[in-house]
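Residue strings, one per chain:
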Amino acid sequence: MRDMPISIQHHYSLLKHNTFAMDVKAKQFISYKSVDELIEVLNTLRKCGERILHIGSGSNLLFTKDFEGTVLHSDIKFIEEVSRDDQHILFRVGSGMVWDDFCAQMARDNYYGSENLSYIPGEVGASAIQNIGAYGVEVESIIHEVETIEVATGLPRVFQTNECEYDYRDSIFKNNLRGQYIVTAVVFRLSLIPKVNLDYGPLQAFKSQEGVPTAKAIRDAVIDIRRSKLPEPSVLGSAGSFFKNPVIPVEAYQEIAATYADVPHYMVDDRHIKIPAAWLIEQCGWKGKQHGGAAVYEKQPLILVNMGNATPDDIIELAALIEQSVKEKFKIQLHPEVNYI
Ligand code: EPU
């Protein structure tokens with residue numbers, strides 16, 4: 001027995017469901033609260049051959065136009081302890097939980113693993129699809145398994161971490177299995193003993209302090225860094241980093257370094273180097289530039305923002321112009337991290 005009927009909205013504005021604040025509409029919007037409800041919804045949609053798009057909090061997508069189908073959203077919210085041993089504790093978390101609410105609870109109880117990922121906008125289900133990352137940590141490092149429902153059959157399938165093909169901001173759910181499985185819960189493995197990653201610039205200050213910082217202290221520092229660099233989605237619309245940081249062959253890096261000796265870079269392996277896209281975009285003179293209602297964020301040029309009245313085309317055009325100038329100046333093709341819908 002359900003307490004309330006499944007929430008179904010027609011001709012529904014997605015304005016509150018994407019952090020870029022694009023005022024586009026979905027033919028139908030359905031929010032479900034349990035796996036049983038999801039299966040029921042999928043059975044109905046399958047019969048009418050409806051186009052489906054599943055979203056989290058819309059913090060990593062750009063709606064380019066109205067969506068002529070059904071947008072699904074998980075409202076499955078719970079955090080439950082599964083097991084623990086001397087070193088680890090496992091939590092099963094509903095896909096509709098706000099990601100940072102989970103991080104806050106883990107840090108409060110001093111469980112290590114999610115603190116560097118604090119304050120990333122979005123929900124738990126999407127975290128496992130996008131392999132969110134920040135300050136030297138990617139979420140795959142704490143994922144134990146991912147619970148899903150197959151769209152075509154309504155059957156459950158649990159993916160072990162090694163089946164998810166995790167990579168930099170990438171997973172099997174964005175590639176071979178795109179749109180085929182809906183994440184309903186994620187099981188995370190946190191560390192009961194201090195296990196920290198303090199390699200990112202501003203976090204290195206902890207290294208000179210005595211003792212190991214608490215998960216809460218690292219979380220607080222991460223939140224301070226994010227607040228100083230990144231726009232608050234509630235104040236200025238954006239989808240975080242718009243492009244991925246490009247990975248290029250060592251020879252291509254050497255060619256750039258011959259002209260720009262100070263080009264920032266990180267070794268990926270002995271053949272490949274990652275260059276910050278923010279640096280490439282800044283070198284091309286884009287920092288703070290506006291195009292229609294869209295702009296390049298002045299404090300972090302990897303972020304495109306909606307100045308209040310941006311249309312999807314303003315953002316699409318600005319992104320294309322940036323790609324073009326980076327390509328002309330550095331012979332590097334940038335790829336959006338944001339999903340165009
Ligand atoms: N930089 C500039 N000019 C600037 C800002 C940065 O040249 O105005 C250069 C600097 O060399 C700096 C480097 O870019 O050292 C890296 O900048 P930052 O540390 O801000 O990180 P990022 O590479 O731009 C990535 C993630 C962020 C994540 C941060 C911190 C991607 C696409 N983005 O950004 O993730 O928070 O590292 O780990 O990997 C997101 O995915 O939405 C996101 C915000």
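Because the structure is predicted, anything quoted here is derived from the model rather than measured.

### Topic: the nonpolar core
Argument step 1. Core analysis: the largest hydrophobic core is formed by 43 residues, its most contacted members being Phe242, Ile281, Leu304, Ile315 and Ile322.
Argument step 2. Listing elements by their share of this core, those giving two or more residues are β2 (25-32), β3 (52-55), β4 (61-62), β5 (67-74), α5 (250-259), α6 (277-283), β18 (294-296) and α7 (312-330).
Argument step 3. The biggest single contributor to this core is α7, with six residues.
Argument step 4. A domain split of this core shows at least three residues from each of domain 1 (8-74) and domain 3 (237-340).

### Side note on the sheet that holds strand β14 (residues 247-249)
Argument step 1. What the three strands build is an open sheet, ordered β14-β16-β15; its pairing is antiparallel. In this open sheet, the two strands that pair with only one neighbour each are β14 and β15 (266-269). For this sheet, the mean angle separating the axes of adjacent strands, direction not counted, is 40°.
Argument step 2. Examined bridge by bridge, β15 and strand β16 (residues 272-274) share three bridges and lie antiparallel to one another. If you follow Tyr266 over to β16, its bridge partner there is Lys274.
Argument step 3. With respect to the sheet, α5 is in contact with β14 and β16, its orientation differing from that of β14 by roughly 90°.

### Comments concerning the packing of helix α2 (residues 99-108) against helix α4 (residues 215-229)
Argument step 1. At a closest axis distance of 8 Å, the pairing of α2 and α4 adopts a crossing angle of 140°. In terms of axis orientation, α2 runs oblique to α4. Taking contact as the criterion, the partners of Asp100, Cys103, Ala104 and Ala107 in α2 are, on α4, Ala215, Lys216 and Arg219.
Argument step 2. Here the contact of α2 with α4 is built from residues that sort into four nonpolar, no polar and three charged.

### A word on the site of the ligand
Argument step 1. With respect to spatial proximity, 23 residues lie near the ligand, and among them Tyr135, Tyr168, Tyr200, Glu282 and Gln300 are the closest.
Argument step 2. Note that an oxygen atom of the ligand is positioned 2.8 Å from one of the side-chain N or O atoms of Asn245.
Argument step 3. At a separation of 2.8 Å, an oxygen atom of the ligand approaches a polar side-chain atom of Lys287.
Argument step 4. Here the shell around the ligand takes three residues from α6, the largest share from any one element.
Argument step 5. Looking at the shell around the ligand, its residues break down into 12 nonpolar, four polar and seven charged.

### Description of α4
Argument step 1. Over its 15 residues, α4 extends 21 Å from the first C-alpha to the last, a length consistent with the 21 Å expected when each residue adds 1.5 Å.
Argument step 2. Of the residues making up α4, those classed as buried are Ala215, Ile218, Arg219, Ala221, Val222, Ile223, Ile225 and Arg226.
Argument step 3. Tucked into the core, α4 has its buried residues touching α2 and β8 (133-134).

### Observations concerning the environment of Gly56
Argument step 1. Note that Gly56 resides in the loop between β3 and β4.
Argument step 2. Expressed as a C-alpha distance, the spacing of Gly56 and His88, which sit 32 residues apart in the sequence, is 28 Å.
Argument step 3. Once you skip the residues sitting within four places of it in the chain, Gly56 turns out to touch His73 and Glu123.

### As for the pairing of strand β7 (residues 88-94)
Argument step 1. With five of its seven residues buried, β7 lies for the most part within the structure.
Argument step 2. One ladder, built from five bridges, connects strand β6 (residues 79-84) with β7; its direction is antiparallel. Of the residues in β7, the one forming a bridge with Arg84 is Ile89.
Argument step 3. Between β6 and β7, which pair antiparallel in sequence order, lie three residues.
Argument step 4. Examined bridge by bridge, β7 and strand β12 (residues 181-191) share seven bridges and lie antiparallel to one another. Bridging across to β12, Val93 finds its partner in Val186.

Conventions we followed
Residues numbered from 1 in each chain as written. Predicted model: local features only at pLDDT ≥ 70, side-chain atom pairs only at ≥ 80, totals over all residues. Heavy atoms only, no water. Core = buried A, V, L, I, M, F, W, Y, C linked by side-chain atoms within 4.5 Å. Buried < 20%, exposed > 50% of the residue type's maximum accessible area, 1.4 Å probe, protein only. Helix = DSSP H or I, 4+ residues; strand = E, 2+ residues; numbered from the N terminus. Domains from an automatic or database assignment. Pairing = 2+ DSSP bridges. Axes fitted to C-alpha atoms, helices over the stretch in contact; angles between N-to-C directions. Contact = heavy atoms within 4.5 Å. Parallel < 35°, antiparallel > 145°, perpendicular 65-115°, else oblique. Nonpolar A, V, L, I, M, F, W, Y, C, P; charged D, E, K, R; others polar. Near = heavy atom within 4 Å. Polar contact = N/O pair within 3.5 Å; in protein donor to acceptor, adjacent residues only side chain to side chain. Expected span 1.5 Å × (residues − 1).

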